[in-house]
Amino acid sequence: MSKTNQPNLAALRAEEPSLKSRYAAFQAAGLALDMTRGKPCAQQLDLSLDMLTVLTRDDYKAADGTDCRNYGGLDGLPEAKALFAEFLGVQKDEVIIGGNSSLALMHDTLARAMSHGVPGGAASWTSQAAAQGGKVKFICPAPGYDRHFALCEHFGIEMITVDLGESGLDIDAVERLVASDELIKGLWLVPKYGNPSGLIVSNEVIARLARMKCAAPDFRVYWDDAYTVHHLTDARPDQLNLQSACKAAGTDDRVLLFGSTSKISFSGSGIAVVGGSAANMAWYRGHLGFQTIGPDKLNQLRHLRFFKDMAGIEAHMKKHAAVIKPKFDAVASALKSQLEGVASWTTPTGGYFVSVDTPDGCAKRTVQLAKAAGVSLTGAGATFPYGKDPRDRNIRVAPTLPSLADIEKAMDVFCVCVKLAALEKSQ
C-alpha cells in the first residue's frame, strides 16, 4: 500500500471548480463502464480458443485407457491429478479434481463440515456449536474476498475480522484468537496476490499458521490459492506451501487448498481442484460419492491436451500478463498522478485487483458519485465481513475486463470522485 496521507484540503478546495467541471463532463458523456468484478476480458478468453478443438473424434481416452465419455473416475483422471497436484504444490494423492468452480468446492467443504464434521473433530461443527450455545466462527482477514464472506453468512458462520498487515496477515491476532476459542473453526486466506490487496503472505506467517496452537482440533485454514500463477511480472515469489509446512509441524490435516483454471482457460468451463492431507481427501471423497458418479473427464482431457504440463500453464499465463499488465499500469499511473497525497493504494505484482483506501468516510460516496457518472465499481464495504468497512475507505478496483482506453476513462472518473467525496466530507 502506498503511504497513507491526509488530503491537503486547501489544495483540494483550490481544485474544486475544475473537479466539478470535469465531473459534469463525465455525466454528459453517457459513459457505461463496468469495473465491478475481476472477470477476464474477451482477449484473455481468446487465448484458450484452441481448447475447443483440441480433442478429435478418436481422442477420448485418458493415458490409463479410461473412456472419458462415460461414468467413473470420481476424483479425477490420474494425469489430471498429477498436473494439478504440481499446480497446488501437493502430492498427486493429495488432490481431487472437481468441476469448473473452486467456490463450489469451498461451499461443499463448508456444508459437509457443518453437517458431518471433519477429521479430528468429535462431531459436526453445527452440533458442537449447539452444545456450547454458540456459533461456528471463522477468522476473516480484511479487506478480503466478498464471496468468502458470503459463504459464511449463508451457513450462519460468525465472522471475526482481522487486519491484513505488510506480511499479508496479522498473525499475532490470529494466534490469540484460535488459541482461545474452540468454536473458531476456520480462517480464510488468499496467500498470493490477495483479493483485493495483492499482498503475498510471508513465509514466517505461513510457518506460524502451521505451528500455532488451536483450541479446536478440527480447525481448518481455507487456503484459496486462486492467483498462484497469475503473475504480472517475471518475478516469482518464493512462497512456502502451507501443506508442506503443516506436514513439518505435525498438523497435516489443518489446511484445505483450493485452486482453479477459471481465469486461466475459460471462466465458466475451467477445472477446479481441492487438495489436502490423505485424511482430508478420504473425507472429501467419501462425501463426493453421494453427490456424483463422476466428473466431466472430457473437460479434464481438453485441459491436459491443451496445456500438457505446468510449463505449458506458465507459458500461457505470460500471454495473460501481456494483455492485462498495461491495464494495471494505467490504474497505477492514474492513481499516482491524480491521487498522490489524497488516497493510498496497493501496487500488486500479480492477481486481479488493486486495493484503494480513500480518506476515511469517503468510500461509499465515491462509489455513488462514480455510478452517477457512468462508472460501476465494487460496492464500498464489500471487502469486509457483513459489508461493513469500519472506516468506510476501501474500494476494490478491477482492471481486467474493460479495454485499456475504457480503463483510462474510468480511472479519470474514479480519481475525480475520490477528491469530490473528500471535499464533501470536509464540509
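Preceding block: the structure.
The structure reproduced in this document is the subject of the present report.

**Details of the sheet that holds strand E6 (residues 220-224)**
Within the open sheet, the seven strands sit side by side as E2-E8-E7-E6-E5-E3-E4. Their pairing is mixed. In this open sheet, the two strands that pair with only one neighbour each are strand E2 (95-97) and strand E4 (158-163). Along the sheet, successive strands turn relative to each other by an average axial angle of 20°, direction set aside. Those strands touched by helix H3 (residues 78-88) are E2, strand E7 (255-260) and strand E8 (272-275), and its axis lies near 120° from that of E2. Along the sheet, helix H7 (residues 171-180) makes contact with strand E3 (137-142), E4 and strand E5 (184-189), crossing E4 at roughly 150°.

**With respect to the packing of helix H8 (residues 203-211) against helix H9 (residues 242-249)**
At a closest axis distance of 8 Å, the pairing of H8 and H9 adopts a crossing angle of 45°. When the interaxial angle is binned, H8 and H9 end up oblique. Seen from above, H8 lies across H9 with right-handed handedness. Of the residues in H9, those in contact with Ile-206, Leu-209, Ala-210 and Arg-211 of H8 are Leu-242, Ala-245, Cys-246 and Ala-249. Partitioned by chemical class, the residues of the contact of H8 with H9 number seven nonpolar, no polar and one charged.

**Details of the pattern of salt bridges**
The full count for this structure, using the stated rule, is 21 salt bridges. In this structure, Lys-419 and Glu-15 form a salt bridge, with 3.0 Å as the shortest nitrogen-oxygen distance. In this pair, Lys-419 sits in helix H14 (residues 404-426) while Glu-15 sits in helix H1 (residues 9-28), placing the two residues 404 residues apart along the sequence. Owing to a relative accessible area of 24%, Glu-15 belongs among the partly exposed residues under this scheme. Put simply, Asp-181 and Lys-137 hold a salt bridge, and the shortest N to O gap is 2.5 Å.

**Comments concerning unusual backbone geometry**
A cis amide bond links Ala-142 with the next residue in sequence, Pro-143, at an omega value of 5°. Relative to the helices and strands, Pro-143 resides in the loop between E3 and helix H6 (146-154). Of note, the bond from Asn-195 into Pro-196 is cis; its omega dihedral lies within 30 degrees of zero at 5°. Along the chain, the position of Pro-196 falls in the loop between E5 and H8. A positive phi angle is found at Lys-308, which is not glycine, with a value near 70°. Position of Lys-308 among the secondary structure elements: in the loop between helix H11 (297-307) and helix H12 (310-339). Even without being a glycine, Tyr-386 presents a positive backbone phi close to 65°. With respect to the element layout, Tyr-386 can be found in the loop between strand E11 (375-377) and strand E12 (394-397).

Quick notes on the rules
- Residues numbered from 1 in each chain as written.
- Predicted model: local features only at pLDDT ≥ 70, side-chain atom pairs only at ≥ 80, totals over all residues.
- Heavy atoms only, no water.
- Pairing = 2+ DSSP bridges.
- Helix = DSSP H or I, 4+ residues; strand = E, 2+ residues; numbered from the N terminus.
- Axes fitted to C-alpha atoms, helices over the stretch in contact; angles between N-to-C directions.
- Contact = heavy atoms within 4.5 Å.
- Parallel < 35°, antiparallel > 145°, perpendicular 65-115°, else oblique.
- Left-handed = near helix turned anticlockwise from the far one by under 90°.
- Nonpolar A, V, L, I, M, F, W, Y, C, P; charged D, E, K, R; others polar.
- Salt bridge = Lys/Arg side-chain N within 4 Å of Asp/Glu carboxyl O.
- Buried < 20%, exposed > 50% of the residue type's maximum accessible area, 1.4 Å probe, protein only.

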